[in-house]
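What follows is the residue order along each chain.
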Amino acid sequence: MRPRKKQNIPEVEKNWVSSFSLILLIIFISISLFWHGLLFKPEYLLIEGCLYVSAGLILFRCKMPSHPVFYVFIVFVCLYFALTFSAISKQESLATSFRIALVIPLFLIAAQLTKAHRLTLIRVFVYLCSVGLVYGILFDQFRDGRFEGPLEYANAWGVLLLTALILSNMLAAIENKTHYIWLSSLLASGIILSGSRTVLLLFVIIVPLQYWAFGKNDRKTIPSVTLAICAGVASAVTYSFSKWAFLGSVLIVALLILYVMPKIRTKTISVTMIPIFLAMAVAMLYSNQATSLKRLFQLTPHASEWTSRIGYYKDAWQIIIDSPFLGYGGGAWNILQYHYQTAAYTVLYLHNYWLETWIETGLIGVLLFTTIVILFIWSGLSSYLKSDGSTKIWVASCLAVFGCLLVHSTVDFTFEYPLLFGLWVVFGIFSHTSMVELKPTSDLINKLNGPLRILFSLVLILFSIISIRLSFSEALSTKAEHATSYTEAIELLERSSNLAFIPANQHYTSAYLLLKNYLETTNPVHLTRAAMEINKAFSMNPQDVHVLFLRCQIQYAQGERTQARIELQKLHQQFPFRTDIQTELEKWDHAR
């Protein structure tokens, strides 16, 4: 008898799952890149719900991940959801918990990619960022002279372009294709135009470290890429005169790199790149047209953004001291900043992910996050030390992206963007799996694989239903803000409240609209209903200054003016930097 041929069904299934995972990640990056990085809740909650369903389907055909980071992430996410029950703002805490939970489906999906598909994903990411850069230049996605791109925030856009630049350099070294050097030049010009000094510092530090980590035998592309980056700086300077001059210079640089640079000897490039770089720096410093670029060289600790952030951090530390171990739940900074601020400011985000995590989850959450970072770095360095050639280049570049995003989140709020937070997780996984295929799971996980897989799939499907429901609720609230009539806005908010589990914001907005309508029409029914709505909001957010302030205004409109004035005076003493409270109090004093 002939021996039966071995079937390759598992390998086929694996490739099918990898292809499906690749498509999902490309869709996620594409949508989030051109949709504000999924910064706003209706967007990321809906996309996350779809990712939950997809990850659940993948688990029916695959094994549970063996990387310990995955299970630490699960504990980290569970902590966020558990703290929602005692959070300062339960509604914001629930939304924040879902944003953090995005790492679970992304981890499951990214872990399925084969070597070829991981490279394809990175190629697509580099191309998308390059297309987004050109699109942003053509349609003037600038504010105050700084290039904000589709993310509508210059620092976030700058660090995203830096990650793309690092990966473009990696592809140039691994695949030895000249067009990646041109893309590096293009991306470098976008980083300069973003005007982000923090990103520029990371650029100057991380890119040389990346090349150094390639190893002595794999640094052939360094002179070419360095010259290309200098050309990118030159292109950025030309934008100060005209965007068409910029695009023309980019085209010239592309032609030079594609047709001239491969014929130039490495030694010649090494000799010429230093004076070219110096010439571009001088042009930037002394050009009267490049005022927006000059800020890149004002790297002083007394810059306005640094002094203001240091003030945030000092106030945040006082918040932490009052509850160092358990925290206040997700989104707590938006409420507590007014209770602790020592200067007049209102910022939605703390601009420091470590401190924000400590405020939200206490010392336990910070230790869990630190454990995640250490495990990612440890596994990445272990892979790096055991690898050589293209694998060493791959691991070094993935670690560079991981470190770049992590460091930037320490001085900015970029991890609030699900796109950047998701990329951080994905490249942490890639630095561990490197350029080899996925390893089988451990014996313990294999024994529990069946029950765990079924349980996890059901949980993911449940989470998808909740996430999509919350996305519809948030979308209705957003639509209510732009409603053409008062009646339509109230109806939308009622529908939104029915879908939300903790509709504190909906009750507050309804109370505000009802009070506004009462002041215009003097209809007592609207005032009575406004009082009911604000009481509901107060029961859910008793420490929110906006709720407390509106509660006083409604009380004043009801005729309880003495009591309302006493309460408003207390608020003024408690929140001395709120000018709206002070203005309202002065108006009431003049009306006496």
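Definitions and limits used
- Residues numbered from 1 in each chain as written.
- Predicted model: local features only at pLDDT ≥ 70, side-chain atom pairs only at ≥ 80, totals over all residues.
- Heavy atoms only, no water.
- Helix = DSSP H or I, 4+ residues; strand = E, 2+ residues; numbered from the N terminus.
- Buried < 20%, exposed > 50% of the residue type's maximum accessible area, 1.4 Å probe, protein only.
- Contact = heavy atoms within 4.5 Å.
- Areas by Shrake-Rupley, 256 points an atom, 1.4 Å probe, with all protein chains shown as cover.
- Salt bridge = Lys/Arg side-chain N within 4 Å of Asp/Glu carboxyl O.
- Patch = residues over 30% accessible without salt bridge, like charges linked within 9 Å, V, L, I, M, F, W, Y side chains within 5 Å.

J.: In this structure, what is going on with the overall build of the protein? I would like to understand it.
T.: Secondary structure summary: the protein contains 25 helices and two strands in total. Taking all 592 residues of the protein together, 55% fall into the buried category. At a minimum sequence separation of 6, the contacts of the protein that also span at least 24 residues come to 75%. Per element, the accessible surface of the protein, about 26,900 Å² overall, is 64% carbon and sulfur.

J.: Quick question: what am I supposed to make of unusual backbone geometry here?
T.: Keep in mind that most residues, glycine aside, have a negative phi and that most peptide bonds are trans. At H36, a position not held by glycine, the phi torsion is positive, near 60°. We note that L38 has phi near 60°; this positive angle belongs to a residue other than glycine. Looking at the secondary structure, you find L38 in the loop between α1 (9–33) and α2 (41–59).

J.: Would you explain the pattern of salt bridges in this entry?
T.: Opposite charge on two side chains makes pairing possible when the charged atoms of those side chains draw close. Across all of its chains, the model carries ten salt bridges by this definition. Taking the shortest distance from any N to any O, the salt bridge between E474 and K41 comes out at 3.7 Å. One end of the pair, E474, is in helix α19 (residues 443–481); the other, K41, is in helix α2, with 433 residues separating them in the sequence. Residues E474 and K41 agree in their burial class; the two are buried. The shortest N-O distance in the salt bridge between E416 and R99 comes to 3.1 Å. Here E416, found in the loop between α17 (389–409) and α18 (418–433), pairs with R99, found in helix α4 (residues 90–101); they are 317 residues apart in sequence, far enough to count as distant. By relative accessible area, E416 is classed as buried at 7%. Since its relative accessible area comes to 4%, R99 is described here as buried. What emerges from the salt-bridge pattern is a single network uniting K41, E92 and E474.

J.: Explain a nonpolar patch on the surface to me, please; I cannot follow it from the model alone.
T.: A grouping of V53, L57, F60, I461 and I465 is seen on the molecular surface, where their side chains present a nonpolar patch of about 440 Å² in accessible area. Those elements that provide at least two residues to the nonpolar patch are α2 and α19. Tracing the sequence through the fold places I465 in helix α19. With a relative accessible area of 55%, I465 lands in the exposed category.

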